[in-house]
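# Observations on the model geometry
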Amino acid sequence: MAAHDPLKVLAGARVVRPGGIVDGGRVAVRGRTIESVTGPAAEPAGTDEPAGAPALDLTGHWLVPGFVDLHNHGGGGASFTSGSLDDVLHGIRTHRLHGTTTLVASTVTGDLAFLAHRAAELSELAEQGDIAGIHFEGPFISPCRKGAHSEALLREPDPAEVRKLIDASHGHARMVTLATELPGGLDSVRLLAEHGVIAAVGHTDATYEQTVEAIEAGATVATHLFNAMPPLNHRSPGPIAALLEDERVTVELINDGTHLHPAALELAFRHAGAGRVAFITDAMDAAGFGDGVYHLGPLEVEVKDGVARLVEGGSIAGSTLTLDTAFRRAATVDGLPVEDVVQALSANPAKLLGLYDRIGSVEPGKDADLVVLDADFVLKGVMRRGEWVVEPQLG
């Protein structure tokens, strides 16, 4: 940020901040940074803006932090696993248009050498700041709960092979999803924890007791809770109960109306609390693109009416969700408080990634990653690092 950078002032919105909602808030942005946040319900914070600075009137709108997606396989017709790097950038851009200002690129199960090569390629985008890191979903998952992953390419989680993927990522591996009950699973969790990489329990057939062991070994995330794992049972509670009850675990939820019944989402929020939920997309190529036939790794997927399913077998194959839709559904259909929705879409994933000092909330000194929503929670504007990705059209 330089003193000569022009000041952008966003005024009049309901600004969602960590301490609550500021009605009629005034947010000043200089360069890529939030310089100040003021309003009737808040003491001035940061540097006072100069008198007469031009302001964009956002009266009647919400201003919230940019969304942070921990788990995303692609969008705009582009795959993060198999597309060219230009394709990946197009997919990232697609999600930015829907408010996701920070994104972790997820791969799907593949040959280990291919995944290592792909990790090296994606690490270039992480170096440039286009993605916040790499998430490996597979190949270290259970054939019993494989979902839309190729069974022929699944492997037991050998710590030496997990280490190869970490090394290939050049410091940008952020998360690995594992079936921790498989041979080598707990040792792999410990290895990931030692290297500062999130170990996520998912695509798993683990018992309650095995999941508790995994958490004790260092697992801290539930990959799309409820999906691709045994359901709750009163005699065999399975992984869901263990993941919900432990305060060290953040639970991912896909709030698209297909992956979860509203009652399941309410159960997760009620039991884990808003501070431990992260909304994700688990998006595949079709997100922001449309119905048709696609590929998820080597598997053929048909998207019909916005729902992605494997052509062979019919399993749900990721989603076509964007996070602005997840926000709107959470605030309207699910009736969650807006502050809780913001936690799940921005603050919690930012904290999990170790980026909360820069993103995840509307506070002075942080990156100016901001989303403008109208009174009905329809996206109207997106700012990333102080530049409009979607210029607000407020007429």
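A brief report on the enclosed structure follows.

Calculation rules
Residues numbered from 1 in each chain as written. Predicted model: local features only at pLDDT ≥ 70, side-chain atom pairs only at ≥ 80, totals over all residues. Heavy atoms only, no water. Pairing = 2+ DSSP bridges. Helix = DSSP H or I, 4+ residues; strand = E, 2+ residues; numbered from the N terminus. Axes fitted to C-alpha atoms, helices over the stretch in contact; angles between N-to-C directions. Contact = heavy atoms within 4.5 Å. Patch = residues over 30% accessible without salt bridge, like charges linked within 9 Å, V, L, I, M, F, W, Y side chains within 5 Å. Areas by Shrake-Rupley, 256 points an atom, 1.4 Å probe, with all protein chains shown as cover. Salt bridge = Lys/Arg side-chain N within 4 Å of Asp/Glu carboxyl O. Lys, Arg positive; Asp, Glu negative; His and termini not counted. Charge placed at Lys NZ, Arg CZ, Asp CG, Glu CD. Buried < 20%, exposed > 50% of the residue type's maximum accessible area, 1.4 Å probe, protein only. Phe/Tyr/Trp six-rings, centres within 6.5 Å; stacked < 30°, edge-to-face > 60°. Lys NZ or Arg CZ within 6 Å of the ring centre and 35° of its normal. Polar contact = N/O pair within 3.5 Å; in protein donor to acceptor, adjacent residues only side chain to side chain.

### Focus: the sheet that holds strand E18 (residues 299–304)
Backbone-to-backbone hydrogen bonds pair the strands of a sheet. The strands run either parallel or antiparallel. Strands sit in the order E17-E18-E19 across an open sheet of three strands; the sheet is antiparallel. The sheet is open, and its two borders are formed by strand E17 (292–296) and strand E19 (307–310), each paired with just one other strand. Sheet twist, expressed as the average angle between the axes of neighbouring strands with direction ignored, equals 35°. Examined bridge by bridge, E17 and E18 share five bridges and lie antiparallel to one another. Residue Tyr-294 lies in a different strand from E18, and its bridge partner there is Val-301.

### Here's the deal with the sheet that holds strand E15 (residues 250–254)
One open sheet holds the eight strands; their spatial order is E7-E10-E11-E12-E13-E14-E15-E16, and the pairing between them is parallel. Strands with a single pairing partner mark the edges of an open sheet, and in this sheet they are strand E7 (67–72) and strand E16 (277–280). Across four bridges, the pairing between strand E12 (residues 173–178) and strand E13 (residues 198–201) is parallel. Paired with Leu-178 across the strands is Val-201, a residue of E13. Lying on the sheet, helix H4 (residues 185–194) is in contact with E12 and E13; it crosses E12 at an angle near 165°.

### Considering a negative patch on the surface
A contiguous patch of negative charge on the surface is contributed by Asp-291, Glu-300, Glu-302 and Asp-305. One can find Asp-291 in the loop between E16 and E17. The class for Asp-291 is partly exposed, based on a relative accessible area of 47%.

### Overview of unusual backbone geometry
In this model, Gly-138 is joined to Pro-139 through a cis peptide bond whose omega is 15°. Position of Pro-139 among the secondary structure elements: in the loop between strand E11 (134–137) and helix H3 (159–168). Residues other than glycine seldom take positive phi values, yet His-203 does so here, at roughly 45°. Along the chain, the position of His-203 falls in the loop between E13 and helix H5 (208–217). Even without being a glycine, His-224 presents a positive backbone phi close to 25°. Position of His-224 among the secondary structure elements: in the loop between strand E14 (221–222) and helix H6 (238–245). When its relative accessible area of 4% is taken as the criterion, His-224 is described as buried.

### What about the pattern of salt bridges?
Going through the model one piece at a time under the given rule, you end up with 15 salt bridges. Its salt-bridge partner being Arg-270, residue Glu-266 comes within 2.7 Å of it at the nearest N-O pair. Placement of the pair is Glu-266 and Arg-270 together in helix H7 (residues 262–272), with a separation of four residues, close to one helical turn. Overlapping salt bridges, with partners in common, bring together Arg-32, Arg-358 and Asp-367 in one network.

### Comments concerning the packing of aromatic side chains
For the coordinates displayed, the defined rule picks out five aromatic pairs. Clustering of aromatic rings is evident, with ring pairs tying together Trp-62, Phe-67, Phe-327 and Phe-377. Residue placement shows Lys-351 over the ring face of Tyr-356; its charged tip is 4.8 Å from the ring centre. The side chain of Lys-366 reaches across the aromatic face of Tyr-356, ending 3.4 Å from its centre.

### What about the pairing of E7?
For E7, the buried fraction is high: six of the six residues fall into the buried class. With four bridges joining them, E7 and strand E10 (residues 100–107) adopt parallel strand pairing. Considered in E10, the bridge of Phe-67 is made with Thr-100.

### A closer look at the side chain of Arg-384
Within the element layout of this structure, Arg-384 appears in strand E21 (residues 379–384). Despite being buried, Arg-384 has no salt bridge partner; Asp-369 is the closest side chain of opposite charge, sitting 5.3 Å away. Only 2.9 Å separates the side chain of Arg-384 from the backbone oxygen of Thr-101, close enough to count as a polar contact. Separated by 3.0 Å, the side chain of Arg-384 and the backbone oxygen of Gly-129 make a polar contact. Each residue touching Arg-384, except ones within four places of it in the same chain, is listed here: Arg-96, Thr-101, Gly-129, Ala-368, Asp-369 and Val-389.

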